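Coordinate inspection notes
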Amino acid sequence: MSELKNITVIGGGTMGNGIAQIFALGGFDVNLTETKKELADRAIRTIDKNLSRMVSKEKIGEEEKNTALDRIQPHLDLTAAIENADLVIEAVPEQFELKKKIFEKVDQYAPAHTILASNTSSISITKLAAVTSHPEKFIGMHFFNPVPVMKLIEVINGLKTDKYTTETVISVSKKLDKMPVSVNDSPGFVSNRVLMPMINEAIFCVYEGVAEPGAVDEVMKLGMAHPMGPLRLADFIGLDVCLDILNVLFDGYKDPKYRPCPLLVKMVEAGKLGDKTGEGFFKY
Ligand code: 3HC
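From a predicted model like this one, the values you see are computed outputs, not experimental measurements. (Residues numbered from 1 in each chain as written. Predicted model: local features only at pLDDT ≥ 70, side-chain atom pairs only at ≥ 80, totals over all residues. Heavy atoms only, no water.)

1. With respect to the site of the ligand
Lining the immediate environment of the ligand, one finds 18 residues, of which Lys57, Lys59, Ser121, His142 and Asn145 sit closest. Here an oxygen atom of the ligand sits 2.5 Å away from a polar atom, N or O, in the side chain of Lys59. Side-chain polar atom of His142 to an oxygen atom of the ligand: 2.7 Å apart, as the coordinates give it. For the ligand, the accessible surface in isolation is 1000 Å², of which the surrounding protein chains cover 65%. Of all the secondary-structure elements, those providing two or more residues to the shell around the ligand are helix H2 (37–56), helix H8 (191–207) and helix H10 (230–237). For the shell around the ligand, the per-class residue count stands at 10 nonpolar, five polar and three charged. Both domains that furnish three or more residues to the shell around the ligand are identified here as domain 1 (6–184) and domain 2 (194–277). (Near = heavy atom within 4 Å. Polar contact = N/O pair within 3.5 Å; in protein donor to acceptor, adjacent residues only side chain to side chain. Areas by Shrake-Rupley, 256 points an atom, 1.4 Å probe, with all protein chains shown as cover. Helix = DSSP H or I, 4+ residues; strand = E, 2+ residues; numbered from the N terminus. Nonpolar A, V, L, I, M, F, W, Y, C, P; charged D, E, K, R; others polar. Domains from an automatic or database assignment.)

Spelled out as structure tokens, the structure:
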């Protein structure tokens, strides 16, 4: 198995900047691409802030923080950012057409040995792999928010992903001090196939007047030892993202048990998306 050294992260949003941070702390050289200078600057500022928090908690020293920051090179030109990449991780919004466009370009300009990964939470890895000329080198690396805190990387094997690609990604995940779990491509993978029906059911409890949002969350926090209740978690993930994933499950399995609760649909239509808009099931 060859050593991965250069990592390119496409997209510097919540997930992308977290992914760049953990790779830089893990000693890798990171190219982080964004579409606008303001967005690239914001990603670097967020990483700086999160690393400073680690310094103040004495998890890392000031020097380690600065070394990690120096390892991250922001880019606005995707082609230049991938020319030496050993591993490319895409973390852009959940739109198939957008991801397709990016992977077609990456496929054209990345070196032949490069492993391509998507951090998608719901789009089929097999379908994304099919837009590239090397589907055997394509894989899902599903990180969890907040990326620097959550231990899991769900490693998703597409229909054509080869053993070398899976083993390389598992090995690099362990170097980041994460716990990779390998699963096969299927709508929602394992994580969201299990998580989203729970969140949806919690929303149905509110919709049907069984309990107020706060009460639903207290039940799950105090009774099931969840760090966040399902509705607080839904706000944290984004209600639009939850709805998109439920629609992928509903369309993928054609099973009514995945139907999104009408209250979730209505809240998304009203622009109440959770933390990012200041209001969801709770106010922020
Ligand atoms: N970056 C770095 N560190 C962070 C952080 C961030 N963005 N947010 C929190 N932390 C650290 C804190 O510094 C703290 O570290 P310490 O234990 O060393 O002091 C630790 O995390 C706990 O943070 P807080 O004390 O501030 O707050 P909480 O104890 O309430 O924990 C939480 C916050 C870690 C977010 C916790 O509530 C939690 O685990 N929630 C569940 C999160 C979850 O389920 N995520 C998965 C979402 S699903 C997903 O991402 C997949 C997608 O496909 C939908």
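2. Section: the sheet that holds strand E8 (residues 179–184)
Ordered by their spatial adjacency, eight strands build an open sheet running E3-E2-E1-E4-E5-E6-E7-E8, and the pairing between neighbours is mixed. Whereas interior strands pair on both sides, the edge strands pair on one side only; in this sheet they are strand E3 (72–75) and E8. Ignoring strand direction, the axes of neighbouring strands in this sheet form an average angle of 25 degrees. Of the strand pairs in this sheet, strand E1 (residues 6–10) and strand E4 (residues 87–90) are connected by four bridges, and their pairing is parallel. (Pairing = 2+ DSSP bridges. Axes fitted to C-alpha atoms, helices over the stretch in contact; angles between N-to-C directions.)

3. Remarks on the pattern of salt bridges
Scanning the entire structure with this criterion turns up 13 salt bridges. For the salt bridge of Asp41 with Lys37, the shortest nitrogen-to-oxygen distance reads 2.8 Å. Residue Asp41 and its partner Lys37 are both found in helix H2; the two are separated by four residues, about one turn of the helix. For Glu94, the salt bridge identified is with Lys99, shortest N-O distance 2.9 Å. Residue classification places Glu94 among the partly exposed residues on the basis of a relative accessible area of 25%. Among the residues examined, Lys99 registers a relative accessible area of 0% and is labelled buried. (Salt bridge = Lys/Arg side-chain N within 4 Å of Asp/Glu carboxyl O. Buried < 20%, exposed > 50% of the residue type's maximum accessible area, 1.4 Å probe, protein only.)

4. Some points on the nonpolar core
With 34 residues, the main nonpolar core has Ile19, Phe23, Leu87, Ile89, Met141 and Phe143 as its most contacted residues. Among the elements that make up this core, the one with the highest residue count is helix H1 (residues 14–25) (six residues). When sequence neighbours within four positions are dropped, the list of residues in contact with Phe143 reads Met15, Ile19, Ile22, Phe23, Ile89, Asn119, Leu152 and Ile153. Grouped together as the second largest cluster of nonpolar side chains are 21 residues, Ala202, Val216, Met267 and Phe281 included. (Core = buried A, V, L, I, M, F, W, Y, C linked by side-chain atoms within 4.5 Å. Contact = heavy atoms within 4.5 Å.)

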